[in-house]
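# Chain and residue survey
The chain contents come next:
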Amino acid sequence: MRRLFLILFFLLAVSTVNAFSIDSIYVKQYNRVHYFCSDSVFYKLAHHGFIKSVDDLSDYYEDIFNYLPLDKQLKEISRVRQDAKKYNSSELDIEADYMYALVLPVGENNDISYKIAKMEEVVKKAERQNNMVMKIRAMEAIFNIYWKSSLYAKAFAQTYVIDEQLKNITGEEYPGRGYAYYQIGRAYYFFRNYDKAIPYLRQALKPPKYYFDRSNLLARNAIGSYYNLIGNIDSSEYYFRSAYFSVDNVKMKPVIDAVSLSNIGKCLISRGKPDDAIPYLRAGLNRMLMDNDYELASDVSLELAKSYLLKNDLKKTKTLIDSTQLFIRRTENTDLYQSLYPLMCCYYSKVGNKELALAFFDSTLMINKYFQDKYSSLILLKAEQDLYETKARVMNEDMKAKEDAFKYKIFYGSIIILIISVGLIFSIVLYHRNRMAYRALVYKNQEWASEMLPYASYESADVLQEDDKSEEKAIEEEQPTQEDVALMKEVHELVSKEKIFKNADLTLDLMAKQMSINRNYLSKAINQTTGKNFNTYINEYRVKEAIKILSNEKSDVISIDAIAFDVGFNNRTSFYQSFKKITGLSPSDFRSNKPTV
């Protein structure tokens, strides 16, 4: 009986091998050979559907299909099409279309239009079959194609479409829902739009039900990085530790744990605790090197170098700097140079090599300029992104009752045109009136600036202005004395001819010292004869001088700020305030409304 059982088991094993062929592929990046049986994966998909085969299918794409050369990828697709006919499976048929669109090469000049068109055909076909899962998978693929081609505006337009679809499906219906939210959140995070990124990342913070779904752990590390970035170290460390101590049984958990440990180490560096950070960073680095993941290792190696530099252990710092450079060269993770160059500058400065310290200081300036330009370009791309989102919303609006809507558009359009026309006419009339009023004000101020006051005829001054009282001592109201008038003649000579008002540091004390008189006498003379305090009196001369300069057409090439400093104001704000208060116009309005020859 036992022999019969062994024979039957052997025959079953042989028949299974014959039915499903085993193949293998060498993955150079990880220095591993992966064995696979695609027949069993797609048999399961055809007979049990996407939900029950999602883990196997995810492994197949991540570990096998993406590393196959194009000719073998096409053979795999051909095999799937044969299985679709063999099992009469519409699920396999559309999967083959999806795979074909994935492997299509990019055309000349990064032309992805044909690739996108084929993937959009998959979207439409899935919609006709009411296959919501494949529809969203194809939409995500379109997003990835745009993103990898740096067509960020179109990629963000696709995130809006994906988001709308995700609202109509549950995690039970689409196991990749959490990861889709994570991808959208990371896209906004890349663009430094944290206000949009964090809500999407939080949507992914749910315990996974499938082995392939790492979105919960990845989102926690991303949110922790955001809090570290803004200086909220407590919240940052909470998210990193919650990821590390999570009980999620998912693919690549050890690698993600290594990332979480390294991120905890970064938090400890931010707290100024390099000794505590080093064990976390070492543990993370060792795990990453076990998996030959040099991109992650380069970042952690750099953080270790920072820790040892803080401890003034220059030998280990140099060793880790060299390791970081080696890892960067292996993975082309050149973005890390923005953090590496400043560290190397500090290192060589500490060891006394001024030449290399200056060289890496220059490199830091250059790489920072590169990233500054890159960030500026992202701002422009962000504007394009908003444009595409707007278009997507417009296309998604209800289009019922088009004929009635068209009639209303004509009716309301006519009213709007009429209102706009009347508004334009009113604006033109108002503009000309204002222009004439401004011109009159310019003439009046030009006359005021050119007049010379006969100080011998000063009469009793008005009461001191309210806002001047805090600056000058209270002075009894009385008629200006002959001494006051005589003193003001000297002041006028000094101010108008020597133009001492151009000195931005001029004060009442300085002027009194220059005239060899008591400051209180000088203050009294100015107040009793002009009704103004010292600052107001001097600022009027400065404004008069500015008016004379602005009235000259040749001065149009001179900036208003330069004129302000030239006439004695020490900042732009005080010049604008004084000029507006005295003339009723801003300097720019004065310049734009002055008469032309």
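Relevant structure appears above.
Notes on the structure follow. Just so it is clear, the model here is predicted, and its values are computed rather than measured.

## Overview of the pattern of salt bridges
Counted by the stated rule, this structure contains 32 salt bridges. A salt bridge links Lys-125 to Asp-93; the shortest N-O distance between them is 2.7 Å. Of this pair, Lys-125 sits in helix H5 (residues 113–128) while Asp-93 sits in helix H4 (residues 90–103), placing them 32 residues apart in sequence. The class for Lys-125 is buried, based on a relative accessible area of 18%. Here Arg-287 ties to Asp-291 by a salt bridge, and the two come within 3.2 Å at their closest N and O atoms. Of the residues examined, Asp-291 reaches a relative accessible area of 11% and is grouped as buried.

## Comments concerning empty space enclosed by the protein
If a probe the size of a water molecule is rolled over the atoms, the empty space left behind becomes visible. All told, the structure shown has one cavity of 30 Å³ or more when counted by the stated rule. Taken together, Glu-140, Phe-143, Thr-159, Ile-162, Ala-180, Gln-183 and Ile-184 make up the full set of residues lining the largest cavity. Of all the secondary-structure elements, those providing two or more residues to the lining of the largest cavity are helix H6 (132–148), helix H7 (152–166) and helix H8 (177–190). Tallying contributions element by element places H8 first for the lining of the largest cavity, with three residues. Looking at the lining of the largest cavity residue by residue, the classes come out as four nonpolar, two polar and one charged.

## Considerations on the packing of helix H12 (residues 253–270) against helix H13 (residues 274–290)
Look at H12 against H13: their axes get within 8 Å of each other, and the N-to-C directions meet at 155 degrees. Judged on the interaxial angle alone, H13 and H12 are roughly antiparallel. Considering the relative orientation of H12 and H13, their crossing is left-handed. Taken together, the residues of H13 that come into contact with H12 (itself represented by Pro-254, Val-255, Ala-258, Val-259, Leu-261, Ser-262, Ile-264, Gly-265, Lys-266, Leu-268 and Ile-269) are Asp-276, Ala-277, Tyr-280, Leu-281, Ala-283, Gly-284, Leu-285, Arg-287 and Met-288. Its residues assigned to classes, the contact of H12 with H13 comprises 14 nonpolar, three polar and three charged.

## Re the environment of Leu-218
Mapping Leu-218 onto the fold places it in helix H10 (residues 215–229). Leu-218 sits in the partly exposed class, given a relative accessible area of 22%. Apart from the residues within four sequence positions on either side, Leu-218 is in contact with Tyr-179, Tyr-182 and Ile-256.

## Observations regarding the packing of H8 against helix H9 (residues 194–203)
At their nearest, the axes of H8 and H9 sit 7 Å apart, and the two run at 160 degrees to each other. Relative to H9, the element H8 is oriented roughly antiparallel. Once H8 is placed against H9, the crossing between them reads as left-handed. Touching Tyr-181, Tyr-182, Ile-184, Gly-185, Arg-186, Tyr-188 and Tyr-189 of H8 are Tyr-194, Lys-196, Ala-197, Tyr-200, Leu-201 and Gln-203, all from H9. Tallied by class, residues from the contact of H8 with H9 come to nine nonpolar, two polar and two charged.

## Some details on the nonpolar core
Counting 67 residues, the largest nonpolar core has Phe-42, Tyr-60, Phe-65, Met-99, Met-119, Trp-147 and Leu-166 as the members making the most contacts within it. Looking at this core, the element that brings in the most residues is H6, giving eleven residues. Sequence-distant contacts of Leu-166, that is, excluding residues within four places in its chain, are made with Ile-136, Tyr-174, Arg-177, Ala-180, Tyr-181 and Ile-184. Ile-278, Leu-281, Tyr-294 and Tyr-308 belong to the second largest nonpolar core, which has 37 residues in total.

## Notes on the side chain of Asp-293
Relative to the assigned elements, Asp-293 resides in the loop between H13 and helix H14 (294–310). One buried charge, Asp-293, has no salt-bridge partner; the nearest side chain with opposite charge is Arg-287, at 9.2 Å. Discounting residues that sit within four places of it in the chain, Asp-293 has contacts with Val-255 and Met-288.

## Let's talk about helix H15 (residues 314–331)
In this model, H15 (18 residues) spans 26 Å end to end at C-alpha, consistent with the 26 Å of a helix rising 1.5 Å per residue. Looking one or two residues past H15, Glu-332 carries a phi angle of roughly 60 degrees, positive in sign.

Basis of the calculations
Residues numbered from 1 in each chain as written. Predicted model: local features only at pLDDT ≥ 70, side-chain atom pairs only at ≥ 80, totals over all residues. Heavy atoms only, no water. Salt bridge = Lys/Arg side-chain N within 4 Å of Asp/Glu carboxyl O. Helix = DSSP H or I, 4+ residues; strand = E, 2+ residues; numbered from the N terminus. Buried < 20%, exposed > 50% of the residue type's maximum accessible area, 1.4 Å probe, protein only. 1 Å grid on protein atoms, 1.4 Å probe; cavity = no way out; pocket = protein on both sides within 12 Å on 5 of 7 lines; lining within 4 Å. Points joined across faces, edges and corners; volume = space filled by probe spheres on them. Nonpolar A, V, L, I, M, F, W, Y, C, P; charged D, E, K, R; others polar. Axes fitted to C-alpha atoms, helices over the stretch in contact; angles between N-to-C directions. Parallel < 35°, antiparallel > 145°, perpendicular 65-115°, else oblique. Left-handed = near helix turned anticlockwise from the far one by under 90°. Contact = heavy atoms within 4.5 Å. Core = buried A, V, L, I, M, F, W, Y, C linked by side-chain atoms within 4.5 Å. Lys, Arg positive; Asp, Glu negative; His and termini not counted. Expected span 1.5 Å × (residues − 1).

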